[in-house]
Amino acid sequence: MTIETVGVIGAGQMGSGIAHVLALAGYRVTLMDVDAERVRAAIAKIGSNMERQVARGKIGDEEQKLALSRIRATTNLPEIGVSDLVIEAATEKEAVKQKIFDDLAPHLKPMTILTSNTSSLSITRLAGRTQQPERFMGLHFMNPVPVMQLVELIRGIATSRETFEAVRAVVERLGKTAVVAEDFPAFIVNRILIPMINEAVYTLYEGVGSVFDIDQSMKLGANHPMGPLELADFIGLDTCLAIMNVLHEGLADSKYRPCPLLVKYVEAGWLGRKVARGFYDYR
Ligand code: CAA
């Protein structure tokens, strides 16, 4: 099962980063989003991120031009169905993801492999709604995709060995490192990372430290490249909360209770960098 064409659904931070690395690795990519403006912005962002790589000598000028020419943008979901591999990278809401797979179903060619970049949801449940659960699995990239080395591979209960190996080969061609996670809420990285962020929000909520001191502590005291609150802003507080809720409901343990301050920020629409306001003010 050789993969040459990839359809990426969702042109947000993750979708555009995924399209970026796929195109550089030689795949022909169709990047789809319902919002035409978001697709345009994503293509521009991919261009500027590649410029940065050229300026730092990571890739050549010609390589960048070729990679950009391999990315096609669309707002039309059916066009994704002809790809060898589909990577769904829409918002972290199960109903949204299910609707995408439902809408895509009639347009899929017989051998297409479906994957979701979900950061927490059950792969088996998402796959169970499709006609082809043996050709479905989790493929979870980290943000920023062009920089982060890791990709989590998650099998659903019905995922076939052929599907798994074909997707693993894609990760290898991207030059990234795969780890295999079982299909439990939030897999490995977010099972550990997001409760740490939630604990940092509790630390702020309980007045143990200021935003600055909490982040400074983890940067200088634990050598994290970003403090947990800065990282929460970077990931998106809505995404952090969605993942905490999946952990809380899925594992039924009060230790995963989302911090009320995190809930309040999300209710206020202070979602982090993407809206220029979160634990920090970017305006
Ligand atoms: N595209 C291409 N290159 C990029 C980039 C992008 N979007 N963003 C950063 N870079 C490159 C820069 O060009 C730079 O390259 P060089 O090393 O060649 O100079 C390098 O990355 C470092 O960037 P900067 O110098 O601009 O900034 P920095 O040193 O502060 O690093 C960071 C930025 C890489 C984001 C770093 O702060 C970091 O690693 N932060 C933690 C990120 C993290 O934890 N991600 C995981 C989030 S969790 C997740 O993704 C899972 C989930 O489901 C929620």
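Residues numbered from 1 in each chain as written. Predicted model: local features only at pLDDT ≥ 70, side-chain atom pairs only at ≥ 80, totals over all residues. Heavy atoms only, no water.

### Considering the overall build of the protein
- Looking only at helices and strands, the protein has 11 helices and eight strands in total.
- Taking 2.2 N^0.38 as the reference for a compact globule, 283 residues should give roughly 19 Å; the C-alpha atoms of the protein span a radius of gyration of 19 Å, in line with that estimate.
- The dimensions of the protein, computed from C-alpha atoms along their principal axes, are 55 × 45 × 30 Å.
- A total of 283 residues make up the protein; the buried ones form 50% of that total.
- Put simply, of all contacts in the protein between residues at least 6 apart along the chain, 67% involve residues at least 24 apart.
- When the accessible surface of the protein is summed, it comes to about 13300 Å², and 54% of that surface belongs to carbon and sulfur atoms.
- Between the centroid of the 31 positive side chains of the protein and the centroid of its 33 negative side chains there is a distance of 2 Å. (Helix = DSSP H or I, 4+ residues; strand = E, 2+ residues; numbered from the N terminus. Rg over C-alpha atoms; globule rule 2.2 N^0.38 Å. Buried < 20%, exposed > 50% of the residue type's maximum accessible area, 1.4 Å probe, protein only. Contact = heavy atoms within 4.5 Å. Areas by Shrake-Rupley, 256 points an atom, 1.4 Å probe, with all protein chains shown as cover. Lys, Arg positive; Asp, Glu negative; His and termini not counted. Charge placed at Lys NZ, Arg CZ, Asp CG, Glu CD.)

### Observations regarding the site of the ligand
- Taken together, the neighbourhood of the ligand is formed by 18 residues, with Arg 56, Lys 58, His 140, Asn 143 and Asn 190 sitting nearest.
- Asn 143 places a main-chain nitrogen or oxygen 2.7 Å from a nitrogen atom of the ligand.
- Contact with the protein chains removes 69% of the 1000 Å² of surface that the ligand exposes when unbound. (Near = heavy atom within 4 Å. Polar contact = N/O pair within 3.5 Å; in protein donor to acceptor, adjacent residues only side chain to side chain.)

### Topic: the sheet that holds strand S3 (residues 71-74)
- Spatially, the eight strands line up as an open sheet ordered S3-S2-S1-S4-S5-S6-S7-S8, and their pairing is mixed. Strands at the two margins of the open sheet, each flanked by one partner only, are S3 and strand S8 (177-181). Direction aside, the axes of adjacent strands within the sheet are offset by 25° on average.
- When strand S4 (residues 85-88) meets strand S5 (residues 113-116), the two strands line up parallel, connected through four bridges. (Pairing = 2+ DSSP bridges. Axes fitted to C-alpha atoms, helices over the stretch in contact; angles between N-to-C directions.)

### Describing the pairing of S8
- Pairing geometry for strand S7 (residues 150-155) and S8, over five bridges, is parallel. Among the inter-strand pairings, Glu 152 is bridged to a residue of S8, identified as Val 179.
- In terms of handedness, the path from S7 via helix H6 (residues 161-173) over to S8 forms a crossover that is right-handed. (Right-handed = clockwise from strand over helix to strand, strands pointing away.)

### Considering helix H2 (residues 36-55)
- Here H2 spans 29 Å end to end across 20 residues, near enough to the 28 Å set by a 1.5 Å rise per residue.
- Residues of H2 that are buried: Val 39, Ala 42, Ile 46, Gly 47, Asn 49, Met 50 and Gln 53.
- On its buried face, H2 is in contact with helix H1 (13-24), strand S2 (28-32), helix H3 (61-69) and S3.
- Residue Asp 35 occupies the N-cap position of H2, its side-chain oxygen lying 3.0 Å from the main-chain nitrogen of Glu 37.
- Gly 57 occupies a position one or two residues after H2 and carries a positive phi of about 75°. (Expected span 1.5 Å × (residues − 1).)

### Things to note about the packing of H1 against H2
- Packing of H1 against H2 leaves a shortest axis separation of 10 Å and a crossing angle of 55°. In this view, H1 runs oblique relative to H2, as classed from their interaxial angle. As H1 runs across H2, the sense of the crossing is right-handed. When H1 is examined against H2, the residues Ser 16, Ala 19, His 20 and Leu 24 are found in contact with a partner set consisting of Ala 42, Ile 46, Asn 49, Met 50 and Gln 53. (Parallel < 35°, antiparallel > 145°, perpendicular 65-115°, else oblique. Left-handed = near helix turned anticlockwise from the far one by under 90°.)

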